[in-house]
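# Results of the structural survey
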Amino acid sequence: MRPAEERERLTRIQIDRSCRQTVVWYYASAVFWLLVGSTLALVASIKMHSPEFLADWQWLTFGRVRPAHLAAMIYGWGSMAGVGTLLWLEARLTRNRLPFPVLLPATAVIWNLTVAFGVVAILAGYSTSIEWIEIPPATAVLFGFCIAVIIAASIRMFRARESRHTYVSQWYLFGAIFWFPLLYVSAQIFLHTPAAKGAVKAAANWWFAHNVLGLWFTPIGLATVYYLIPKVIGRPVHSYHLSLLGFWTLAIFYNWAGTHHLIGGPLPAWLITVGIVGSVMMFVPVVTVAVNHHMTMAGNFHHLKYSPTLRFVVYGAMCYTAVSFQGSLQSLRTVNEISHFTHYTIAHAHLGVYAFFTMVMFGAMYYVTPRLLNTEWHSAGWIRLHFWTTAVGMAIYWLGLSWAGWEQGRMMNDPRVPFLDIVRYTVPWLWSRSVAGILMTAGHLAFAWLFWNMLRQRGAYLPGPTLLVREPERAGAAIGGEG
Amino acid sequence: MKWRPRACLFAVTAAALRHLTKKRASVTPFYIALWGLAAVLGATAVGGLVWSIRRGEFDNLREGAASIFDEEEPVGAVTDRFPGE
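From a predicted model like this one, the values you see are computed outputs, not experimental measurements. (Residues numbered from 1 in each chain as written. Chains lettered and ligands numbered in written order. Predicted model: local features only at pLDDT ≥ 70, side-chain atom pairs only at ≥ 80, totals over all residues. Heavy atoms only, no water.)

## Here we look at the overall build of chain A
Put simply, the test is: Comment: elements are numbered from the N terminus, with helices defined as DSSP H or I runs of at least four residues and strands as E runs of at least two. We compute the radius of gyration from the C-alpha atoms alone; for a globule the expected value is 2.2 Å times N to the 0.38, where N is the number of residues. For every residue, the accessible area (1.4 Å probe, protein chains only) is compared with the maximum for its type, and the residue is labelled buried under 20%, exposed over 50%, or partly exposed between those bounds. Residue contacts are defined here by distance: any two heavy atoms, one from each residue, within 4.5 Å place the two residues in contact. Each accessible area is a Shrake-Rupley estimate made with a 1.4 Å probe; only the visible protein chains count as cover when residues are assessed. Under the counting rule used here, the positive set is Lys and Arg, the negative set is Asp and Glu, and His together with the chain ends is not counted. Every charge is mapped to an atom, namely NZ of Lys, CZ of Arg, CG of Asp or CD of Glu.
The number of helices and strands found in chain A is 15 helices and zero strands. Relative to a compact globule of 483 residues, whose C-alpha radius of gyration would be 23 Å, chain A shows 22 Å and is just as compact. The C-alpha extent of chain A, read off along each of the three principal axes, is 75 × 45 × 45 Å. Residue burial in chain A is summarised as follows: out of 483 residues, 62% are buried. For chain A, restricting intrachain contacts to residue pairs at least 6 apart in sequence, the fraction spanning at least 24 positions comes to 85%. Looking at chain A as shown, the accessible area adds up to about 18200 Å², and 69% of this sits on carbon and sulfur atoms. Between the centroid of the 33 positive side chains of chain A and the centroid of its 18 negative side chains there is a distance of 7 Å.

## Quick notes on the packing of helix 6 (residues 199-233) of chain A against helix 12 (residues 343-373) of chain A
All names here are of chain A. How we decide: Orientation is described by lines fitted to C-alpha atoms, with helices fitted over the stretch in contact, and by angles between N-to-C directions that extend from 0 to 180 degrees. Every angle not falling under 35 degrees, over 145, or within 65 to 115 is termed oblique; those three ranges are roughly parallel, roughly antiparallel and roughly perpendicular. By convention, the crossing between two helices is left-handed when the near helix turns anticlockwise from the far helix through less than a right angle, and right-handed when the turn is clockwise. Under this grouping Gly is polar, as are all residues other than the nonpolar Ala, Val, Leu, Ile, Met, Phe, Trp, Tyr, Cys and Pro and the charged Asp, Glu, Lys and Arg.
Here helix 6 crosses helix 12 at 45 degrees, and the two axes come no closer than 10 Å. Between helix 6 and helix 12, the crossing angle belongs to the class labelled oblique. Helix 6 and helix 12 meet at a crossing whose hand is left-handed. For the pair helix 6 and helix 12, contact is made by Leu213, Phe217, Thr218, Ile220, Gly221, Leu222, Thr224, Val225, Leu228, Lys231 and Val232 and by Gly352, Val353, Phe356, Phe357, Val360, Met361, Gly363, Ala364 and Tyr367, respectively. In terms of residue class, the contact of helix 6 with helix 12 is made up of 14 nonpolar, five polar and one charged.

## Section: the packing of aromatic side chains
Rule in force here: Only centres within 6.5 Å qualify two rings of Phe, Tyr or Trp (six-membered ring in Trp) as a pair; their planes then separate them into stacked at under 30 degrees, edge-to-face at over 60, and tilted for everything else. Put simply, a charge is over a ring when the Lys NZ or the Arg CZ is close to the ring centre, within 6 Å, and near the line of the ring normal, within 35 degrees.
Under the counting rule described, the total for this entry stands at 40 aromatic pairs over all chains. When the ring of Tyr315(A) is compared with that of Phe387(A), the centres are 6.0 Å apart and the planes differ by 85 degrees; the resulting orientation is edge-to-face. One end of the pair, Tyr315(A), is in helix 10 (residues 308-330); the other, Phe387(A), is in helix 13 (residues 380-412), with 72 residues separating them in the sequence. There is no split in this pair, since Tyr315(A) and Phe387(A) are both buried. Following the ring pairs from residue to residue traces out a cluster consisting of Phe158(A), Trp171(A), Tyr172(A), Phe174(A), Phe178(A), Trp179(A), Tyr226(A), Phe247(A), Trp248(A), Trp51(B) and Phe58(B). The positively charged end of Arg161(A) is found above the aromatic ring belonging to Phe158(A), 3.9 Å away from the centroid. Across from the ring centre of Phe82(B), 4.1 Å away, lies the NZ or CZ of Arg384(A), which sits over that ring.

## Some words on the nonpolar core
Nonpolar side chains in soluble globular proteins generally cluster together in the buried interior. This is how the line gets drawn: Only buried residues count toward a nonpolar core, which is a set of Ala, Val, Leu, Ile, Met, Phe, Trp, Tyr and Cys residues joined through side-chain atoms within 4.5 Å.
Ranked by internal contacts, the top residues of the largest apolar core, which has 167 residues, are Trp77(A), Trp111(A), Trp132(A) and Trp216(A). No other element matches helix 6 of chain A, which puts 22 residues into this core.

## Details of the environment of Ala160(A)
Tracing the backbone through its elements, the reader meets Ala160(A) in the loop between helix 4 (140-159) and helix 5 (168-192). Separated by 213 residues in sequence, Ala160(A) and Leu373(A) place their C-alpha atoms 25 Å apart.

## Focus: the interface of chain B and chain A
Where interface size is given, it is often the accessible area lost as the parts come together that is meant. Stated precisely, the cut-off is as follows: Here the quantity called buried area is the accessible surface, traced with a 1.4 Å probe, that two parts lose on coming together, added over both. Should a side-chain nitrogen of Lys or Arg be within 4 Å of a carboxyl oxygen of Asp or Glu, the pair is scored as a salt bridge. Pairs of N or O atoms are called polar contacts if they sit within 3.5 Å, as long as, within protein, a hydrogen donor faces a hydrogen acceptor (for residues adjacent in sequence, only side-chain-to-side-chain pairs).
Listed as interface residues are 45 residues of chain B and, on the opposing side, 80 residues of chain A. Carbon and sulfur atoms supply 64% of the area buried between chain B and chain A, which totals about 5800 Å² over both sides. When the buried surface of chain B facing chain A is broken down by residue, Trp35(B), Arg81(B) and Phe82(B) rank first, second and third, together holding 14% of it. Counting across the interface, chain B meets chain A through four salt bridges. Ionic pairing is found between Asp70(B) and Arg12(A), a salt bridge with its closest N-O pair at 2.3 Å. Between the two partners, chain B and chain A, sit 17 residue pairs in polar contact (both at pLDDT 80 or more). Going through the elements one at a time, helix 2 (28-54) and helix 3 (61-65) of chain B are the ones with two or more residues in the side of chain B that touches chain A. With 18 residues, the single largest contributor to the side of chain B that touches chain A is helix 2 of chain B.

## Observations regarding the confidence of the model for chain B
Segments scoring low in pLDDT should not have their predicted coordinates read at a detailed level. Rules: The predictor's confidence in any single residue is recorded as pLDDT, a number from 0 to 100.
With 81% of its residues at a pLDDT of at least 70, chain B reaches an overall mean of 79. Across the whole predicted complex the pTM is 0.90, and at the interface the ipTM reaches 0.80.

## A short note on the state of the cysteines
All names here are of chain A. Keep this limit in mind: Disulfides are defined as cysteine sulfur pairs within 2.5 Å.
Counted according to the given criterion, the structure contains zero disulfides over all chains. No disulfide involves Cys19; its nearest neighbouring cysteine sulfur is the one of Cys146, lying 18 Å away. With a relative accessible area of 0%, Cys19 lands in the buried category.

## Topic: the packing of helix 2 (residues 62-94) of chain A against helix 5 of chain A
All names here are of chain A. Between helix 2 and helix 5, whose axes approach to 10 Å, the crossing angle comes to 140 degrees. With respect to their mutual orientation, helix 2 and helix 5 come out oblique. Pair helix 2 / helix 5 crosses with left-handed handedness. Within the contact between the two elements, helix 2 uses Tyr75, Leu86, Leu89, Glu90, Leu93 and Thr94 and helix 5 uses Ser169, Gln170, Leu173, Ile177 and Tyr184. For the contact of helix 2 with helix 5, a count of residues per class yields seven nonpolar, three polar and one charged.

## Some thoughts on the environment of Ala446(A)
Residue and element names in this part refer to chain A. By the element assignment, Ala446 lies in helix 14 (residues 419-455). The sequence separation of Ala446 and Ser163 amounts to 283 residues, and the corresponding C-alpha distance is 39 Å. Apart from residues lying up to four places away in sequence, Ala446 is in contact with Trp382, Leu385 and His386.

## Some thoughts on a nonpolar patch on the surface
Residue and element names in this part refer to chain A. The criterion, for reference: Only residues whose relative accessible area exceeds 30% and that form no salt bridge enter a patch; like-charged residues are grouped when within 9 Å of one another, and nonpolar side chains (Val, Leu, Ile, Met, Phe, Trp, Tyr) when within 5 Å.
On the surface, Phe341, Met412, Phe419, Leu420 and Val423 cluster together to form a nonpolar patch covering roughly 540 Å² of accessible area. A total of three residues in the nonpolar patch trace back to one element, the largest contributor, which is helix 14. Of the residues examined, Val423 reaches a relative accessible area of 35% and is grouped as partly exposed.

Here is the structure:
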């Protein structure tokens, strides 16, 4: 090994070692919340077609279980997996060690306690009843503290960065880490103080809820995709111009889109029209990202067979394109008058948060964790089981609820169809949702088993931070990228 | 007629504020605040764009695209595969 190569390797070992405690804490917590959230989701799903299921316990009624599932998944699983990935990526991109070796792991503990308090409070009947922000507002200070520490760590690493260039993933990560606190604080003020009353609260609610997906999860997910696809296949992103165009158009257009959730609601038409315009403009960043990812992968799709990370990340990236196109179309008034208030919206939301973001996070965890613990995943079979159960489960979920939701919307718009007939029509599709949920939960259990064995370092020992690479592949891999 | 951008901007802003504050007094300030926040979010993106142009971030995009690769994980190296395969 040449001296420069050896120096790079040692630097990377030091960077990964500095991330070990914090990122593993965040990841392990995320897996725990994934299991909690999945259980709550299954209970809620079964209640949709079998309402007598667990109906005698008030803390397990649908009105509590469903928001508890959302809180566990959004603030527990999604955010904790996202923060873990964000910190590791920033350390790698800036080529700096992760700072605050005591404070950052402490934020993981505080974050866990906050989510635990929130989920228990919702189950106990203390939900705020405001979608996506059901956790009682008293927890905002704790979340705020954690985010402040993460921002400080991000700024510190960025200021001490080695590379003069700011890679596109870093831009997305900055977007996420600076926009989310602004959103969260604004939403707390608007929703939990007399600043907004009545119907206008809904505008603040959906401005926040839509942006949690668009300006928190989406940037972290896309940052991960822009780093991992090129890194895994060893090929720079196809068009760096497009990647930067995609970031800035997302940054400018996305945060106006939230009010499309309120089409038909008691709000000024111009306010909703602004949301629709913002949603349609999202075609620009989505097309750039889709073209770029596809062209980067062109000629390298055979790697999907051999790389678990790539398999999950590419599945997620494809679903990002699908959910974004669907979202822009759904924001049109003519489409929305059918899809609104139906299961179609639920399918769409899961396509975004699960098929895109969650799958990308699985891919990231498959890539990052072995490098932190110097241990190989202990079973390829369990990884394949995890992929196929979640991928097929998600496909069944989306197809079933999209079809059912669309028909449900058409029937609800027809005054001749009795409402009970519509409910009866959806029941078989709600069963398909539960079957899909069981499949996805089985996948989560497989992943939890893999992760548990990883924590116990049951897999093969990895001497270096790079997974085993066969030499012929280094020489033979396609080299591309137009810059 | 001479083009006066500042005067035009002032006139448009004044007209918009007059329009927005004329009716629905209890609701309008909220919408202004909400869209003000949305504008702040957009402004951070524009600020970042201006900063990156001034710093020459777009001067050499080919180099930027390859900045995640290095001597130990160079372009052409596949860095992930199923365990034991």
